[in-house]
Amino acid sequence: MELKIFSFIDEALEFRNNYLEILEAISEKLNHFFLSNFSDCEGFLNVTSRVKSEQSIREKLIRNNFYRIYKDPQMATLGLSDLIGQRIESRFIKDEENIYYELLKKFNIQGEDGYYRSSKEENIYLRLSEKQPQIQRNGFEIYKIDGYYHYFKTKFKFELQIKSMVNLFWGEIDHSVLYKNYNYMITEDFFRDIMYSIKDNLTMIDRQLMLLYNQVGLMNGYREN
């Protein structure tokens, strides 16, 4: 059984590596599109994109039992919702919502199964039928939207996240501390309470930074007048 699992994963990774050039090209196209069309949004900071690494794919295939769900290793790799990760970074938490509503405005051509595309790009689709922000299994909210890029006859999936500065930092904490040790963390009230306290403090920092930003804007306005 173990040999079959290892063989399955090796074939899935081989598919990823064989298509790596295409995946990286799609990643660049996504970056260019979101930068070109959302850089003028209030609070926009940056866009980033990455192709999922071999190690991350290996871990996810095992963790989600994809070797049991999919008979074909290629389909297992294509089934990863975050085979490509796309992120729009914003200044403050409130800006996440603003950018999300801009997505709704721009992606207004309906496709299939709740997916929509923009009039400016016929190959990029986002699933906008689901409620946002989503509630993660740790209880916190996140703007996380499934998407795919239509490349000839193949749909390469990507996951679009919208994150503010403090939520970028929180995401690193969550992934490194809670996500990789989730089964342990949920049984320990102490660790869970500490994580909630950190999140509350980051939310407070976000508000303070926004006050500073607005105050600097007012002062600059007075100087100009």
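Numbers given for residues are sequential positions, taken from 1 along each chain in its written order. The model is predicted, so local features are restricted to residues of pLDDT at least 70 and side-chain atom pairs to those at 80 or more, both for listing and for counting; the totals for chains, interfaces and linings are taken over all residues. Just so you know, side-chain values use all the structure's heavy atoms and leave hydrogens and water out.

(A) A look at the overall build of the protein. In DSSP terms, a helix is any run of H or I states spanning at least four residues, a strand is any run of E spanning at least two, and both are numbered starting from the N terminus. The number of helices and strands found in the protein is nine helices and eight strands. Its C-alpha atoms give the protein principal-axis dimensions of roughly 70 × 50 × 30 Å. Exposure is judged per residue with a 1.4 Å probe applied to protein chains only, and the accessible area is read against the type maximum: over 50% gives exposed, under 20% gives buried, and values in between give partly exposed. Out of the 225 residues in the protein, the part that is buried amounts to 40%. In what follows, a contact means two residues having at least one pair of non-hydrogen atoms within 4.5 Å. Counted over contacts in the protein with a minimum sequence separation of 6, partners at least 24 positions apart contribute 64%. For the protein, the computed accessible surface area is about 13500 Å², with 50% contributed by carbon and sulfur atoms. Residues scored as positive are Lys and Arg, those scored as negative are Asp and Glu, and His as well as the terminal groups of each chain are ignored. For charged residues, the charge sits on one atom: NZ in Lys, CZ in Arg, CG in Asp, CD in Glu. The average position of the 30 basic charges and that of the 34 acidic charges among the side chains of the protein differ by 2 Å. Accessible areas in this description were obtained via Shrake-Rupley with a 1.4 Å probe; residue shielding takes into account the shown protein chains only.

(B) Representation of the packing of helix α2 (residues 20-38) against helix α6 (residues 93-106) in the model. In this analysis an axis means a line fitted to C-alpha atoms, helices contributing only their contacting stretch, and an angle means the value between N-to-C directions, from 0 to 180 degrees. The contact between α2 and α6 brings their axes to 12 Å, and the two run at 100°. Taken as axis vectors, α2 and α6 run roughly perpendicular relative to one another. Residue-level inspection shows F34, N37 and F38 of α2 in contact with α6, the latter providing I99, E102, L103 and K106. Put simply, Ala, Val, Leu, Ile, Met, Phe, Trp, Tyr, Cys and Pro go in the nonpolar bin, Asp, Glu, Lys and Arg in the charged bin, and everything else, Gly too, in the polar bin. Tallied by class, residues from the contact of α2 with α6 come to four nonpolar, one polar and two charged. When an angle is under 35 degrees it counts as roughly parallel; over 145 it counts as roughly antiparallel; between 65 and 115 it counts as roughly perpendicular; any other value is oblique.

(C) Quick look at the nonpolar core. For this analysis, a nonpolar core means a set of buried residues of the types Ala, Val, Leu, Ile, Met, Phe, Trp, Tyr and Cys, connected via side-chain atoms within 4.5 Å. Counting residues in hydrophobic clusters, the biggest one holds 40 residues, and the most contacted among them are F34, L103 and F107. Not counting residues within four places of it along the chain, the set of residues in contact with F34 comprises S39, V47, Q86, I88, L103, F107 and L160. Counting six residues, the second-largest nonpolar core is a separate cluster that includes F140, V166, I173 and L202.

(D) Region of the structure containing the environment of Q55. Turning to its location among the elements, Q55 is positioned in helix α3 (residues 54-63). Separated by 42 residues in the primary sequence, Q55 and L13 place their C-alpha atoms 9.2 Å from one another.

(E) Inspection of the side chain of D206 at higher detail. Along the chain, the position of D206 falls in helix α9 (residues 189-224). Despite its burial, D206 pairs with no opposite charge; the closest candidate is R207, at 6.9 Å N-O. Once residues lying within four places of it in the same chain are set aside, the contact partners of D206 are R91, F92, I93 and V166. Note on definitions: salt bridges are taken to be side-chain nitrogens of Lys or Arg within 4 Å of carboxyl oxygens of Asp or Glu.

(F) Inspection of the confidence of the model for the protein at higher detail. In predicted models, pLDDT denotes the confidence assigned by the predictor to each residue on a 0 to 100 scale. Per-residue confidence for the protein gives a mean pLDDT of 89, with 91% of residues at or over 70. Strand β2 (residues 84-90) holds the highest mean pLDDT among the elements of the protein, 98, whereas helix α8 (residues 182-185) holds the lowest, 52.

(G) A nonpolar patch on the surface, seen in detail. Residues L45, M165, I205, L209 and L212 make up a contiguous nonpolar surface patch of about 410 Å² in total accessible area. With three residues, α9 is the largest single contributor of residues to the nonpolar patch. Relative to the assigned elements, M165 resides in helix α7 (residues 165-178). A relative accessible area of 37% means that M165 is categorised as partly exposed. Residues enter a patch when their relative accessible area is above 30% and they make no salt bridge; the linking distance is 9 Å between like charges and 5 Å between nonpolar side chains (Val, Leu, Ile, Met, Phe, Trp, Tyr).

(H) Molecular detail of unusual backbone geometry. Cis geometry is found at the peptide bond from Q132 to P133, where omega equals -5°. Here P133 lies in the loop between β5 (121-127) and β6 (134-135). You will see that D113, though not glycine, has its phi angle at about 55°, which is positive. Here D113 shows up in the loop between β3 (109-110) and β4 (115-118). On the basis of relative accessible area, D113 is assigned to the exposed category, the value being 63%. The phi torsion at F152 lies on the positive side, around 55°, for a residue other than glycine. You can see F152 is positioned in the loop between β7 (141-151) and β8 (154-164). By relative accessible area, F152 is classed as exposed at 69%.

(I) A look at the pattern of salt bridges. Applying the stated criterion across every chain, the model contains six salt bridges. Two residues, K60 and D82, come together in a salt bridge whose shortest N-O distance is 3.0 Å. Taken together, the residues span a long stretch of sequence, with K60 in helix α3 and D82 in the loop between α5 (73-78) and β2 at a distance of 22 residues. Like D82, K60 is buried. Notably, a salt bridge pairs K94 with D95, separated by 3.3 Å at the nearest N-O pair. D95 gets classed as buried once you look at its relative accessible area, which sits at 1%.

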